[in-house]
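Residues per chain are reported as follows:
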Amino acid sequence: MKDRLVSRDYCFILLANFLLYFGFFLLMPVLPFYLVEEFGISKGMIGVILACYTVAALTVRPFSGYLLDTLQRKPLYLFSFFIFTMIFGGYIVTGSLAVFIMLRIVHGLSFGTVTVAGNTIVIDITPSSRRGEALGYYGLANNIAMALGPMIGLFLHDYYSFNTIFWCALICCLTGFCAAMSVRTPKKQLMQKNIHLSLDRFILLKGLPLGADLLLLSIPYGINTTYVAMYAKSIGIASGTGLFFTFMAAGLAVSRLFSGKQVDKGRITQVIMLGMYIATAAFFGLFSCEFLMGHFPAFAKIFFYAMALVLGIGFGSMFPAFNTMFVCMAEHNQRGTATSTYLTSWDIGIGLGLITGGIIGQMASFSYAYLAGTILCIVSMLFFRFYNIQAFERNRVDIPKTV
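Treat the numbers as computed from the prediction; the structure is a model and nothing was measured.

The rules behind each value
Residues numbered from 1 in each chain as written. Predicted model: local features only at pLDDT ≥ 70, side-chain atom pairs only at ≥ 80, totals over all residues. Heavy atoms only, no water. Helix = DSSP H or I, 4+ residues; strand = E, 2+ residues; numbered from the N terminus. Rg over C-alpha atoms; globule rule 2.2 N^0.38 Å. Buried < 20%, exposed > 50% of the residue type's maximum accessible area, 1.4 Å probe, protein only. Contact = heavy atoms within 4.5 Å. Phe/Tyr/Trp six-rings, centres within 6.5 Å; stacked < 30°, edge-to-face > 60°. Lys NZ or Arg CZ within 6 Å of the ring centre and 35° of its normal. Expected span 1.5 Å × (residues − 1). Bend = angle between axes of the 7 residues up to and from the residue. Disulfide = S-S within 2.5 Å. Core = buried A, V, L, I, M, F, W, Y, C linked by side-chain atoms within 4.5 Å. Salt bridge = Lys/Arg side-chain N within 4 Å of Asp/Glu carboxyl O.

Q: What exactly am I supposed to notice about the overall build of the protein here?
A: Each helix and strand counted, the protein has 13 helices and zero strands in total. Walking the protein from its N terminus toward its C terminus, one meets helices and strands in the order α-α-α-α-α-α-α-α-α-α-α-α-α. Taking 403 residues into account, the globule formula puts the C-alpha radius of gyration at 22 Å, and the protein, at 20 Å, falls close to it. For the protein, the C-alpha atoms occupy an extent of roughly 60 × 45 × 40 Å along the three principal directions. Within the protein, buried positions represent 59% of all 403 residues. A separation of at least 24 residues holds for 88% of the contacts in the protein among residues at least 6 apart in sequence.

This is the structure:
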């Protein structure tokens, strides 16, 4: 029973995580249209405005990690979850771009805290021998939300008002908050008040090279998640773009069936390398879709969705492995800091993806954004292969059993 993965609390936090991310992904592909249709924003400015959310999230990450390692985790988790939920109500009543930007900033601050807290609590309530698997299924809840959220969001955008979408997100996250309140967490020993503060209490310094690797991968991921609907429309795939996220989430889910267990068997770096190969091929495939639509339109549409599936398999393999690598390099009283550094690296890349994707789309074509993503994946892969694998072996503290 010691190594039991499924428990009441684990199920509740999975549900809370799913509903939180469902509300998040419900808006993700819709907000570019919202900014254009409601405020007349240009493509280049869309990324800058949406990046405010990510900048706020990554700004608060290091501090939230420190607070989670210093204070009891559940109260901070619930507080940030509640603020995140209430901001959806703010979107309903906002009538100006300035207010929208302020709400996005507060939303990002709360998201940056609640996601670090949720990941850290999962680590707390699951046995270390099942950590990779636990994080994998926890991430799978995100993937299911990714499958349903954008698809339903784009459907609602076709038939209903933006306020209807905001109401749906608000109700989902309120339900998730109720589930989060039901999670029981172990009491942790608080840090001594006179503990010496250092930069390593806010950022896992030895994890920074690994964070740089993850950042390079998250830039094209951010481009894809935000602009894929616009890219599809620009090349002639006018309907059914919500299915892209469904296929992508299916790939993420399929990969979770084996990647987490492989991580727990000690094959962390092998799983990441495989995921990098697959993701690189997927981004190059998406880049080629514009050319294919001009010559083989019927095949191009099938290929477009196939690449979504492949992309999901690639990133679904890497997510739990990267998360586990950060945690394995941290002491037990730095779990929040390790998770914060992992998510901060991811958020910086997502923010850069939002900005660069919009700029490339306005100046040239979104297909070139996918070409840039392919190049970044190759650079990340080389850096991981020739530096980060050796650095991880030197610095890891918590070593999974190898079979």
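Q: Looking at this structure, I do not really get the environment of L311. What am I missing?
A: Structurally, the position occupied by L311 is in helix α11 (residues 297-328). According to the relative accessible area criterion, L311 is buried, its value standing at 0%. Along the primary structure L311 and A281 are separated by 30 residues, whereas in three dimensions their C-alpha atoms are 8.2 Å apart. Dropping the residues within four chain positions of it, L311 is found in contact with N224, M248, A279, A282, F283 and L286.

Q: How should I be thinking about the packing of aromatic side chains in this particular structure?
A: Geometry of an aromatic ring pair is reported as the spacing of the ring centres plus the angle between the planes. Evaluation of the coordinates by the stated rule reveals 42 aromatic pairs. The lysine or arginine in question, R385, covers the ring of F386, its NZ or CZ lying 5.2 Å from the ring centre.

Q: I tried to follow the side chain of N224 on my own but got confused; where do I start?
A: Along the polypeptide, N224 turns up in helix α8 (residues 208-235). Given a relative accessible area of 0%, N224 falls into the buried group. Apart from the residues lying within four places of it in its own chain, the contact partners of N224 are F244, M248, F283, L286, L311 and Y370.

Q: Just checking my understanding: could you explain α8 for this structure?
A: Working note: α-helix, 3.6 residues per turn, so residues spaced by three or four point in the same direction. The first and last C-alpha atoms of α8 sit 38 Å apart over 28 residues, in line with the 40 Å expected at 1.5 Å per residue. At Y227, α8 shows its largest bend, some 65°. A large share of α8 lies buried, amounting to 23 of its 28 residues.

Q: Looking at this model, I keep getting lost on the state of the cysteines. Mind explaining?
A: Covalently bonding the sulfur atom of one cysteine to the sulfur atom of another cysteine gives a disulfide. Overall, the coordinates contain zero disulfides when judged by the stated rule. Take C168: it sits in no disulfide, and the sulfur closest to it among the cysteines is that of C172, at 6.7 Å.

Q: Teacher, can you tell me more about the nonpolar core here?
A: Generally speaking, nonpolar side chains in soluble globular proteins are found buried as a group. Judged by nonpolar contacts, the single largest core of 128 residues is most densely connected at Y77, F304, F315 and F322. Residues contacting F315, with those up to four places away along its chain left out, are L217, Y221, L252, A279, F283 and W346.

Q: Just checking my understanding: could you explain the environment of T175 for this structure?
A: Along the chain, the position of T175 falls in helix α7 (residues 162-181). What makes T175 partly exposed here is its relative accessible area of 43%. Along the primary structure T175 and L15 are separated by 160 residues, whereas in three dimensions their C-alpha atoms are 9.2 Å apart.

Q: What's the story with the pattern of salt bridges in this structure? I'm lost.
A: Once the charged atoms of two side chains with opposite charge are near each other, the side chains can pair. In this structure the tally under the stated criterion is four salt bridges. Residue D9 pairs with R8 through a salt bridge whose shortest N-O separation is 2.8 Å. A relative accessible area of 11% means that D9 is categorised as buried. Residue R8 is classed as partly exposed on the basis of its relative accessible area, which comes to 39%.

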